[in-house]
Amino acid sequence: MDRIAENYFNGAVIAAALPAVLRGFGITVLVSLSTIVVGISAGLGLALLRCAAIRPLDIAIAIYVDLFRTLPQLVILVFLYFGMPYLGVTLSPFVTVVLGLGAVLAAFSAEIIWSAILALPPGQWDAARALGLRPVPLLFLVVLPQAVRLATPLITNRAIAITKGTALGTAVSLPETLGSAQSAMAIMANPSPLTLAAALYLLFFIPLVALSRVLERRVARAG
Amino acid sequence: MWPGPADPVQDLIDNFADLDSLVRVYPLLLQGFGLTILLSIVTLPIATASGLAVAVAYSTAGTGVRRMLVVAIDILRAFPVLVLLVLIFYGLPFLGLRLNAFAAAVLAIALNNTGYFGEIFRAGIEAVPPGQGEAAAALGLHRMRVLIHVILPQAIRKVTAPLASNALELVKTTSIASLVSLPELLRSARVAQEQTYNPTPLVAASLLFFALLWPFARWVARLERRALATGH
């Protein structure tokens, strides 16, 4: 028991690591929020572009969506960080993670929103057109509000899952929670900072996981 | 005839699609590809089975145990899987428990996905109308047989799309094993890149990942679209 307390719940070590790990946690939160904003707005933009039904554009978006839904997130981050400099493009760790994870979230949200648009009964389009609505108001007043309601729980779940990927930032030198805790662990030769990091992750993600459970319930009841 | 390396297109090809580099490092990449597949086929059945076990335990347990299982599932789902891996690989040795990179990766990914699969199966079982189980029990079927022959087939049909999607995510997740120096595909590509001084191995590894996973991703997308249209 003493050994566990000494190694994993060492108060002195945790106190020493606290400032660095908290700074890391701040970065985790910032990267997560930026990823969600970038990813969902880009995904919505892509889904709207598909509504324009321009064939070459549709194909390009479909390829983008498949690529970023299929490749592992870590592969994308490593590629951006260690591959792009050969193109003369050097990205900071922060930009790498927000861009990489944002691109993945954009692909998933684009697909989810587009599927939701397709899932609406065709009568919705017909009725709106019969009322004399022009294409753009029809899209924004009739189709999107319903599609977004259908898509929200799925996008929320995906956003939470991808946000957990911010821990991968440690692979591209982003000093987020996990990376800071690992550095502290190496310096102090004691894994208590990892316990601290784990506790912070739980603090951040347990409410989100609970939220996704509530949303799933709501969908299950509606369906 | 061909323009020299000052030409940007040639420069791009030399860096990102250099055949000489590829010839030099492809055995390394293939070995990594094999390890990625091995890691996936070891982890996926373990995670699916333990997730199913948790869900079945949930469906047969009383209120107190249920509450504990939900908390356990949520904690497993709340941890980023890389945090679990680091805890297991770098944290446990301080207790004298040293796992090799492969075992640590299997354990971390399986634990995390026990939460995911457990939640999916649980939702599926809950979506089967209680009358199904009651009718089967009234016919004199044993509880185990009710579960295996009546409840689970219907439950799994209801959650095929999330199950498939999660299986795909699990295989993608195996790439985090590269961060504990397991020479799977991504790690091999990074090692190869240090030999070739160009990102061609990374491009090749990405293509291999894509070739492996794309058919599966298409299938998942079709299932999800159908689920969205029919409500389950």
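Use the structure listed above.
Every value quoted in this text rests on a predicted model; they were computed, and no experiment measured them.

Q: What is the right way to read the overall build of chain A from this model?
A: Within chain A, the regular secondary structure consists of nine helices and zero strands. From first element to last, N terminus to C terminus, chain A shows the α and β order α-α-α-α-α-α-α-α-α. With respect to the principal axes defined by its C-alpha atoms, chain A has extents near 75 × 50 × 25 Å. Going through the 223 residues of chain A one by one, you find that 49% of them count as buried. Once local pairs closer than 6 in sequence are excluded, the contacts in chain A between residues at least 24 apart make up 77%. Summing over all exposed atoms, chain A offers an accessible surface of approximately 10,100 Å²; the carbon and sulfur share of this is 72%. Separation of charge centres in chain A, based on 14 positive and 8 negative side chains, amounts to 9 Å.

Q: Is there a simple way to think about the pattern of salt bridges in this case?
A: Between side chains of opposite charge, a pair can form when the charged atoms approach closely. Counted according to the given criterion, the structure contains nine salt bridges over all chains. The salt bridge partner of A:Arg129 is A:Asp126, with a shortest N-O separation of 3.7 Å. With A:Arg129 and A:Asp126 both in helix α6 (residues 122-130) and three residues apart, the pair spans about one turn of that helix. Here A:Asp126 falls in the partly exposed class, since its relative accessible area comes to 45%. Residue B:Glu169 is joined to B:Lys172 by a salt bridge in which the shortest nitrogen-to-oxygen separation is 3.1 Å. With B:Glu169 and B:Lys172 both in helix α8 (residues 160-173) and three residues apart, the pair spans about one turn of that helix. Just as B:Glu169 is buried, B:Lys172 falls in that class too. Through salt bridges with shared partners, one network takes in A:Arg158, B:Glu169 and B:Lys172.

Q: Which parts of the structure should I look at to understand the nonpolar core?
A: One recurring pattern in soluble globular proteins is that nonpolar side chains are buried together. Formed by 105 residues in total, the largest nonpolar core has its most connected members in A:Leu178, B:Leu82 and B:Leu85. The dominant element in this core, judged by the number of residues it contributes, is helix α5 (residues 101-127) of chain B, at eleven residues. In contact with B:Leu85, not counting residues within four places along its chain, are B:Tyr90, B:Ala104, B:Ala105, B:Ala108, B:Ile176, B:Ala177 and B:Val180. Grouped together as the second largest cluster of nonpolar side chains are 17 residues, A:Ile117, A:Leu120, A:Ala128 and B:Leu228 included.

Q: What is the right way to read the interface of chain B and chain A from this model?
A: Size of an interface: often given as the accessible area lost when the parts come together. Of the residues lining the interface, 53 residues belong to chain B; the matching set on chain A comes to 52 residues. Buried area between chain B and chain A, both sides added, is near 4,600 Å², and the carbon and sulfur share of it is 67%. Summed over the three residues of chain B that lose the most area to chain A, namely B:Phe94, B:Arg225 and B:Leu228, the buried surface amounts to 15% of that side. In this structure, the connection of chain B to chain A is made through four salt bridges. Salt-bridge contacts for A:Arg69 lead to B:Glu224; the nearest nitrogen and oxygen are separated by 3.9 Å. When contributions to the side of chain B that touches chain A are tallied by element, the ones reaching two or more residues are α1 (8-16), α3 (63-78), α4 (81-91), α5, α8, α9 (185-196) and α10 (200-230) of chain B. Sorting elements by how many residues they give to the side of chain B that touches chain A places α10(B) first, with 14 residues.

Q: What should I look at first to understand the packing of α4(B) against α5(B) in this one?
A: The axes of two packed helices give the description: the angle between them and the distance between them. Residues and elements named next belong to chain B. At a minimum axis distance of 9 Å, the contact between α4 and α5 shows a crossing angle of 140°. Considering their axes alone, α4 and α5 lie oblique with respect to each other. As α4 runs across α5, the sense of the crossing is right-handed. Within the contact between the two elements, α4 uses Val 81, Leu 84, Leu 85, Ile 88 and Phe 89 and α5 uses Ala 101, Ala 104, Ala 105, Leu 107, Ala 108, Ile 109, Leu 111 and Asn 112.

Q: How should the environment of A:Leu131 be read in this particular structure?
A: By secondary structure assignment, the location of A:Leu131 is in the loop between α6 and α7 (135-163). Spatially, the C-alpha atoms of A:Leu131 and A:Tyr86 are 55 Å apart, while their sequence positions differ by 45 residues.

Q: Explain the side chain of B:Ser165 to me, please; I cannot follow it from the model alone.
A: Checked against the element boundaries, B:Ser165 lands in helix α8. The buried category is assigned to B:Ser165, whose relative accessible area is 8%. Discounting residues that sit within four places of it in the chain, B:Ser165 has contacts with A:Arg158, B:Val220 and B:Glu224.

Q: Please explain unusual backbone geometry as it appears in this structure.
A: Phi at A:Ala189 is positive, roughly 50°, even though this residue is not glycine. Look at A:Ala189 and you get exposed, because its relative accessible area is 54%. Here B:Tyr197, not a glycine, exhibits a phi torsion of approximately 55°, which is positive. Within the secondary structure, B:Tyr197 is located in the loop between α9 and α10.

Q: Looking at this structure, I do not really get the packing of aromatic side chains. What am I missing?
A: Centre distance and the angle of the planes are the two values used to describe a pair of aromatic rings. Tallying each qualifying case throughout the model produces ten aromatic pairs over all chains. Taking the centre distance of 4.7 Å and the plane angle of 35° together, the rings of A:Tyr64 and A:Phe68 count as tilted. Taken together, the residues A:Tyr64 and A:Phe68, both in helix α3 (residues 55-70) and four residues apart, mark about one turn of the helix. A relative accessible area of 24% places A:Tyr64 in the partly exposed class. Taken together, the ring pairs in this structure connect A:Phe25, A:Tyr201, A:Phe204 and A:Phe205 into an aromatic cluster. The ring of B:Tyr58 carries B:Arg122 above its face, with NZ or CZ at 5.0 Å from the centroid. Its guanidinium or amino end placed over the ring of A:Phe82, B:Arg190 lies 3.6 Å from that ring's centre, counting from NZ or CZ.

The rules behind the values
- Residues numbered from 1 in each chain as written.
- Chains lettered and ligands numbered in written order.
- Predicted model: local features only at pLDDT ≥ 70, side-chain atom pairs only at ≥ 80, totals over all residues.
- Heavy atoms only, no water.
- Helix = DSSP H or I, 4+ residues; strand = E, 2+ residues; numbered from the N terminus.
- Buried < 20%, exposed > 50% of the residue type's maximum accessible area, 1.4 Å probe, protein only.
- Contact = heavy atoms within 4.5 Å.
- Areas by Shrake-Rupley, 256 points an atom, 1.4 Å probe, with all protein chains shown as cover.
- Lys, Arg positive; Asp, Glu negative; His and termini not counted.
- Charge placed at Lys NZ, Arg CZ, Asp CG, Glu CD.
- Salt bridge = Lys/Arg side-chain N within 4 Å of Asp/Glu carboxyl O.
- Core = buried A, V, L, I, M, F, W, Y, C linked by side-chain atoms within 4.5 Å.
- Buried area = accessible area lost by both parts, 1.4 Å probe.
- Axes fitted to C-alpha atoms, helices over the stretch in contact; angles between N-to-C directions.
- Parallel < 35°, antiparallel > 145°, perpendicular 65-115°, else oblique.
- Left-handed = near helix turned anticlockwise from the far one by under 90°.
- Phe/Tyr/Trp six-rings, centres within 6.5 Å; stacked < 30°, edge-to-face > 60°.
- Lys NZ or Arg CZ within 6 Å of the ring centre and 35° of its normal.

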